Protein chains: 2
Amino acid sequence: MKRFLYAATAALMVCASASHADEGMWTFHGFPFAKANAALKTSLDQAWLDRVRSATVRLSNCTASFVSGEGLILTNHHCVEACLAEQSSKEKSYVEDGFLAKTREEEKKCQTQVADVLVGMEEITAKITAATAGKTEAAANEVRKSTLTQLEGECEKATNQKCQSVTLYEGGQYWLYKYKRYTDVRLVFAPEASIAAFGGDPDNFQFPRWCLDMGMLRAYEDGKPATPAAFLKINFAGPAAGEPVFVSGHPGATDRGLTLAQLKQQRNLDLPQWLLRASEIRGRLIQFSASSPQNERITADLLNGLENGIKVRRKMLDALHEDTLLARKAAEQATLEKNIKKNAALKKSTGNPWHDIDVALAAERGIFQPLNYIENGAGFQGRLVNYARTLVRGTVEREKPNGERFREFTDGALKRVEQNLGAAVPVYPELEELRLGASLERMREWLGPDHPLVRKLLSTESPAALAKRLVTTTKLADPAVRLELWKGGSAAVAASNDPLIVLARTIDPDARAVRKTFEDNVEAPMRSATERIARARFATLGTSVYPDATFTLRLNYGTVQGWNENGTPVEPFTKLSRAFERATGADPFRIPDSWQKVKDKLDMNTPFNLSTNNDIVGGNSGSPLINAKGELVGLLFDGNIHSISGSFWFDTEKNRAIAVHPAIMREALAKVYGADALLKELAK
Amino acid sequence: MKRFLYAATAALMVCASASHADEGMWTFHGFPFAKANAALKTSLDQAWLDRVRSATVRLSNCTASFVSGEGLILTNHHCVEACLAEQSSKEKSYVEDGFLAKTREEEKKCQTQVADVLVGMEEITAKITAATAGKTEAAANEVRKSTLTQLEGECEKATNQKCQSVTLYEGGQYWLYKYKRYTDVRLVFAPEASIAAFGGDPDNFQFPRWCLDMGMLRAYEDGKPATPAAFLKINFAGPAAGEPVFVSGHPGATDRGLTLAQLKQQRNLDLPQWLLRASEIRGRLIQFSASSPQNERITADLLNGLENGIKVRRKMLDALHEDTLLARKAAEQATLEKNIKKNAALKKSTGNPWHDIDVALAAERGIFQPLNYIENGAGFQGRLVNYARTLVRGTVEREKPNGERFREFTDGALKRVEQNLGAAVPVYPELEELRLGASLERMREWLGPDHPLVRKLLSTESPAALAKRLVTTTKLADPAVRLELWKGGSAAVAASNDPLIVLARTIDPDARAVRKTFEDNVEAPMRSATERIARARFATLGTSVYPDATFTLRLNYGTVQGWNENGTPVEPFTKLSRAFERATGADPFRIPDSWQKVKDKLDMNTPFNLSTNNDIVGGNSGSPLINAKGELVGLLFDGNIHSISGSFWFDTEKNRAIAVHPAIMREALAKVYGADALLKELAK
């Protein structure tokens, strides 16, 4: 399902603890060939790794892979759902109905998508260390960012590649990752949501499963199908039980290296706050959606993403209530502290980072609500208000020297900003009103009716009335208007009377102020402390551990297998026949008409989904499951319920990844969708 | 605001720890005269206490007091909100508009309300101990309940009073409380919700405040205004800052005596689960409410109650995240264990109740979702389905011998059951569909689509479709239909084809099964363990502590005072003028037209609300604030935000109760509402 999307978070990551069994999200510059080959009796080498890297694609929200020499990309349905929604209207939903381009000409451009292939990796730790040496924490924090911006800029100029800095081991290492970027990505195929996400939210993060969670895109270059350096051939027979399998992909974020205090802050504050807010919005969206088929259509992708986020965080919260997890964290920390004390020099250079983290966390608690509601936008939800805030802030930032800007507006980032501002995606006023009104209302609740910004915005209008007025009178739904303001720069934006621009101008000073407090009093000391912990770990444990996930390319290895659920064995493969038995006729357990029509022709023994013990998290959605020969033998789309605690640790016994079996892809493409041209291309 | 309503919960209570300062919810048979008089320099005596008891009223959801010799009852607006809603329709809301009976004839009967006055208290601990001696835990649990039922029944026959057993100190003591019950309670006065709950949910549990949260009822006997044994004269001047004040009322439930493990279960399971479910429903109700003025009207009281519950539990969760609270609990437990070990006999009779509680809590976790969704009704929300379940179960239970029934269907309880079934309260099908559909959907999510009961109910219909069919085809909205089935007994109910009765019949076996598991594996060992802890506490600490709240009559003492909020002093009185300054014109910060019209005549210096350091919790809503002379000098309606952690401990520094000042009551009754007859009656 849409379950392993990546959504950027502000989570802070530290280096991970010693690895168990098959766990590990290994970088492509640190893959433990010997260990993996010994464990699996395989013979992977650098050439295998390079080919897999060149065939793996990073989308803005997911992983994918090239599956033909003509730029064809395989990923999940839920990874192309936003693109399907962009093409849709109140009357026609490609999310619901699916899509097949019968010819290349019918392939539809995804306006807000890009496809990146990792082509180079360069360590820059020494440069960052040199730049920050001897500085105060706040100054180091600033110069660290400006140096990263500068190195990215130089790299882009020199290579014409997309260069992004990567912080591994929470400052233990800094890297520049270089990508070939495709900005013209088009929609080729997606099945109906009802079969892609069969079982819906109730089945999400469950196994056994029956989801054809696939979608296909095509990368274009200069208006022609791209010719990637490598692609993965699909082996439609799929893997055998117990067979070694590899996942190449972009796990988004894990928190396996967080300290006990950081985990408790997540448990006590971040997660409950997020969950309560999201659950209420879930209720509002469901109720809105139920009021008409049009509303259902325009709400579907938003609601799916939200429900996925709720399920993930709910289980993360459960994991953080396990006393054993917290006790293990405390013990690891105690061991590290003991080891540091043994070495006088290390003791001196490390200081007391845990105390410093406590202080930073207290500072974070002190600004949690304004940071969250004002700067981070929990009080200003919706597409339109986001456009306005981007315009107000982005035009001012763009006019500063590159190194002095917020990192989301550096030269390297501006193209994507402009792509998003200019994308002609549908804006539904009813939905905008709902989201903006609801978030304003909660902002008033949490900041209090007497907070100065709340008084400024809501002293004479209710949240709903203000939202209605803003949404119905703004012109920002028009991409031309947005681009004109963007091109006009800060002067044009300052002169604008658009009510949402006015709102964004009103918010921005408060938002900048609380961000500055966050950066100086939370981010800066936290980064300093976690850098010192990371270095102490390298000094006492070595570097043969993997870093926490950062939505950068990783490889992990495992085997096809089920697990034992409270004494009941769960088999690793499901079959098509059971999907029909389990269908109720009503969403989300409805098998679409296209399948019902050809039911008699389908081979009911076709394998549908499978489970493996690969170590994956959100961001791995759409990752190819690869066998030792380098063939694609599955399409990752989810994990079982135990995989969610993978944010904090890898449970060897129960954490399982879930993939679409290639056999059901072929069965569906051939017999349900008549996608002969695609099958032919895949056979090449 | 509606903030201190009592809603029965399944919380388990144990005796409280040693008291601090002014804390304490003292029973009327254990009030510490000497301590209170010494602390406050007062001279309360038994006669004072008896008079206060006779003037204090328990409503089904709140506290109240007699304020005239003609049965006039003063309580909160939010305590009469359900009665106002019962009188309302889609087109006319008494909740919004308020109500004033100009004559006795216009007073409107509250169909589901009763008013109880405590007239006697008898300890029955020895009888229960004798009945359960030597039994297994499960058998003791059953015989304990049947003995309580039997004693209540004998008492009611002998006295013609309402007799209810009360468990104090979680089995340390058992009592029979005897009440004079008024079943004819009529609505006399309520202001508009916008002034009763000025500031709405954002201001709830906040101070300074400006809420005229008052409502008036009248008790009738034999069709005539009742003449209570005592009433409290209102002193409209109100109390001075620092003046000793007493709250007589019915705090609903506190958990100050819970063990560490029980608190953690609340923190990890009960509270997050409840909050997520409630937040989603909150969103659905808000969205439904926003779709038309009619929908807003019919949703208001439900939404208010829900938002109050969310705020309370959110803060309870925060309190349980305080490491110091948990550490104190752990230390208290360690001290008790140490003291027990010193006494061989006590050690033997106590056993290891903490281990037994751990086992019981694990059993509870194992059945948490089915217990919650099936037996406790989280999966079946709404008035209509509740009627159906009461009919299906109640008719079967009623036909058993009194001592063998579920306690909610004993002879003593049946009158209220029948009163509720026969009440002609409005049923709004749209709202019923929403609530039932939403709860069925969550039941499917949490029990899983493959749970047998879920398959039975939802194998061919979606939750929304099932809810729609049931609600639109049932006849149970008609009280005559309900009463006919009730009178027809189990045979009539078994023969009914009403679709909701069919549903309730389908559910009942599963619901009974999981309840039985709960009773035997959770409730029975838990009660045994907490009884042993209570006895060990009596043995080592004596009985001079107060028991946890149980919605039975308590008195606590304190003084009028503000507090210091992070360095800022909060004054204990607010004034009318500030309410006008703070109004925005839009709900929930709207001052109603009736006040705006006479604004010039109002004395802007009139005190509005006040704060005291009395120890109160939910259930105390509507409690009289009484001075040492026994006059009513305030009307409790809320606590400040720090009062919510009062569930677990009393924070002397910051926990404050909030009351309506009598002066604003008089100002409003005289100048806004022209309630001259009432003022005259109050002056007698």
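The rules behind these values
Residues numbered from 1 in each chain as written. Chains lettered and ligands numbered in written order. Predicted model: local features only at pLDDT ≥ 70, side-chain atom pairs only at ≥ 80, totals over all residues. Heavy atoms only, no water. Axes fitted to C-alpha atoms, helices over the stretch in contact; angles between N-to-C directions. Helix = DSSP H or I, 4+ residues; strand = E, 2+ residues; numbered from the N terminus. Parallel < 35°, antiparallel > 145°, perpendicular 65-115°, else oblique. Left-handed = near helix turned anticlockwise from the far one by under 90°. Contact = heavy atoms within 4.5 Å. Nonpolar A, V, L, I, M, F, W, Y, C, P; charged D, E, K, R; others polar. 1 Å grid on protein atoms, 1.4 Å probe; cavity = no way out; pocket = protein on both sides within 12 Å on 5 of 7 lines; lining within 4 Å. Points joined across faces, edges and corners; volume = space filled by probe spheres on them. Pairing = 2+ DSSP bridges. Buried < 20%, exposed > 50% of the residue type's maximum accessible area, 1.4 Å probe, protein only. Buried area = accessible area lost by both parts, 1.4 Å probe. Salt bridge = Lys/Arg side-chain N within 4 Å of Asp/Glu carboxyl O. Polar contact = N/O pair within 3.5 Å; in protein donor to acceptor, adjacent residues only side chain to side chain. Core = buried A, V, L, I, M, F, W, Y, C linked by side-chain atoms within 4.5 Å. Arc of directions from axis to C-beta. Expected span 1.5 Å × (residues − 1). Phe/Tyr/Trp six-rings, centres within 6.5 Å; stacked < 30°, edge-to-face > 60°. Lys NZ or Arg CZ within 6 Å of the ring centre and 35° of its normal.

Colleague: How do you make sense of the packing of helix α10 (residues 293–320) of chain B against helix α16 (residues 429–447) of chain B when you look at a structure like this?
Modeller: All names here are of chain B. At a minimum axis separation of 10 Å, α10 and α16 run at an interaxial angle of 50°. Taken together, α10 and α16 sit at an angle that is classed as oblique. Between α10 and α16 lies a crossing whose hand is right-handed. Residues N295, I298, T299 and L302 of α10 touch α16, and the partners they reach there are E430, L431 and R435. Of the residues contributing to the contact of α10 with α16, the split by class is 3 nonpolar, 2 polar and 2 charged.

Colleague: In this structure, what is going on with empty space enclosed by the protein? I would like to understand it.
Modeller: Where empty space is left can be seen by rolling a probe of water-molecule size over the atoms. Enumeration over the complete set of coordinates arrives at 12 cavities of 30 Å³ or more. Along its surface, the second largest cavity is lined by 16 residues, and P272(A), Q273(A), L276(A), W446(A) and R314(B) are the ones closest to its centre. Of all elements in the fold, only α9 (260–290) and α16 (429–447) of chain A together with α9 (260–290) and α10 of chain B reach the threshold of two or more residues within the lining of the second largest cavity. In terms of residue count, the dominant contributor to the lining of the second largest cavity is α9(A) (7 residues). Split by residue class, the lining of the second largest cavity holds 7 nonpolar, 3 polar and 6 charged.

Colleague: I tried to follow the sheet that holds strand β19 (residues 624–626) of chain A on my own but got confused; where do I start?
Modeller: Across a sheet, paired strands are connected by hydrogen bonds in the backbone, their directions being either parallel or antiparallel. All names here are of chain A. With antiparallel pairing, 8 strands are arranged side by side in an open sheet as β1-β14-β13-β19-β20-β21-β18-β17. On the outer flanks of this sheet lie β1 (26–27) and β17 (573–575), each paired with one strand and no other. Running over the sheet, helix α23 (residues 662–672) touches β18 (607–612), β20 (632–639) and β21 (657–660) and is turned about 100° from β20.

Colleague: Could you clarify how one ought to interpret the environment of G309(B) in this entry?
Modeller: Residue and element names in this part refer to chain B. Inspection of the secondary structure puts G309 in helix α10. Judged by relative accessible area, G309 falls into the buried class, the value being 8%. Put simply, G309 and E484 are 175 residues apart on the chain and 35 Å apart in space, counted from C-alpha to C-alpha.

Colleague: Just checking my understanding: could you explain the interface of chain A and chain B for this structure?
Modeller: In many analyses, interface size is given as the accessible surface area lost on bringing the parts together. Each partner contributes residues to the interface: chain A has 44 residues there, and chain B has 43 residues. Taking both sides of the interface into account, the surface hidden between chain A and chain B amounts to around 3,600 Å²; carbon and sulfur atoms contribute 50%. Our count for the chain A to chain B interface comes out at 10 salt bridges. Note that R314(A) is salt-bridged to E445(B), the shortest N-O span being 2.7 Å. Taken together, chain A and chain B are joined by 14 residue pairs in polar contact (both at pLDDT 80 or more).

Colleague: Explain the nonpolar core to me, please; I cannot follow it from the model alone.
Modeller: One broad trend across soluble globular proteins is that nonpolar side chains are buried collectively. Judged by nonpolar contacts, the single largest core of 74 residues is most densely connected at L212(A), M216(A) and W595(A). Per-element tally for this core: the top contributor is α23(A), with 5 residues. With sequence-adjacent residues up to four places away left out, M216(A) is seen in contact with V67(A), L72(A), I73(A), L74(A), R186(A), L187(A), V188(A), F189(A), L678(A) and L682(A). Judged by nonpolar contacts, the second largest core, of 73 residues, contains L49(B), L100(B), L212(B) and A534(B).

Colleague: Looking at this model, I keep getting lost on the packing of α9(B) against α16(B). Mind explaining?
Modeller: Packed helices, taken two at a time, are described by the angle between their axes plus the distance between the axes. All names here are of chain B. For the pair α9 and α16, the least separation of the axes is 11 Å and the interaxial angle reads 145°. Between α9 and α16 lies a crossing whose hand is right-handed. Contacts between α9 and α16 involve Q273, E280, I281, R284, L285 and F288 from the first element and E430, L431, L434, A438, E441, R442 and W446 from the second.

Colleague: Sorry, what's going on with the sheet that holds strand β18 (residues 607–612) of chain B here?
Modeller: All names here are of chain B. Pairing in this open sheet of 8 strands is antiparallel, and the strands run β1-β14-β13-β19-β20-β21-β18-β17 from one edge to the other. Only two strands of the sheet have a single partner each, and these edge strands are β1 (26–27) and β17 (573–575). Taken together, the 2 bridges between β1 and strand β14 (residues 554–559) define a ladder with antiparallel strand orientation. For W26, the partnering residue across the bridge sits in β14 and is L555. Lying over the sheet, helix α1 (residues 33–40) contacts β1, β13 (244–249) and β14, oriented at roughly 15° with respect to β14.

Colleague: Is there a simple way to think about helix α24 (residues 676–683) of chain B in this case?
Modeller: Residues and elements named next belong to chain B. All of the buried residues along α24 are L678, L679, E681 and L682. Seen from one end, α24 has its buried residues packed into an arc of 160°, which puts them on one side. Away from the buried face of α24 by more than 90 degrees, exposed residues D676, A677, K680 and A683 are located. Each element contacted by the buried residues of α24 is listed here: β4 (72–75), β5 (99–100), β10 (184–190), β11 (215–221) and α23 (662–672).

Colleague: Looking at this model, I keep getting lost on the environment of L636(B). Mind explaining?
Modeller: Residue and element names in this part refer to chain B. Secondary-structure assignment places L636 in strand β20 (residues 632–639). Among the residues examined, L636 registers a relative accessible area of 1% and is labelled buried. For the pair L636 and A657, spaced 21 residues apart in sequence, the C-alpha to C-alpha distance is 7.1 Å. Ignoring sequence-local partners within four residues, the contact set of L636 consists of N76, V247, I616, N620, S621, G622, S623, L625, A657, I658 and A659.

Colleague: What is the right way to look at α16(A) in this model?
Modeller: Because an α-helix completes one turn every 3.6 residues, residues spaced three or four positions apart along the sequence face the same direction. All names here are of chain A. If you check α16, its first and last C-alpha atoms are 26 Å apart, about what 19 residues at 1.5 Å a residue would give, namely 27 Å. For α16, the buried fraction is high: 14 of the 19 residues fall into the buried class. G448 occupies a position one or two residues after α16 and carries a positive phi of about 95°.

Colleague: Quick question: what am I supposed to make of the packing of aromatic side chains here?
Modeller: What describes a pair of aromatic rings is the distance from one ring centre to the other and the angle between the planes of the rings. Inspection of the entire model under this criterion finds 24 aromatic pairs over all chains. Between F31(A) and Y557(A) the ring centres are 6.1 Å apart and the planes differ by 85°, which places this aromatic pair in the edge-to-face class. Residue F31(A) is located in the loop between β1 and α1 (33–40), and its partner Y557(A) is located in strand β14 (residues 554–559); the two are separated by 526 residues in the primary sequence. The exposure class assigned to Y557(A) is buried, which follows from its relative accessible area of 1%. Judged by centre distance (4.9 Å) and plane angle (75°), the rings of Y169(B) and F538(B) are edge-to-face. Of the two residues, Y169(B) is situated in the loop between β8 (162–168) and β9 (173–182) and F538(B) in helix α20 (residues 499–541); the sequence distance between them amounts to 369 residues. Residue class for Y169(B) comes out buried when judged on its relative accessible area of 7%. Ring pairing ties together the aromatic residues F189(A), W595(A), F608(A) and Y673(A), which thus form one cluster. Across the ring face of Y373(A), the terminal group of R277(A) is positioned such that the distance to the ring centre comes to 5.8 Å. Geometry around Y220(B) places R186(B) over its ring, the cationic atom sitting 3.6 Å from the centre.

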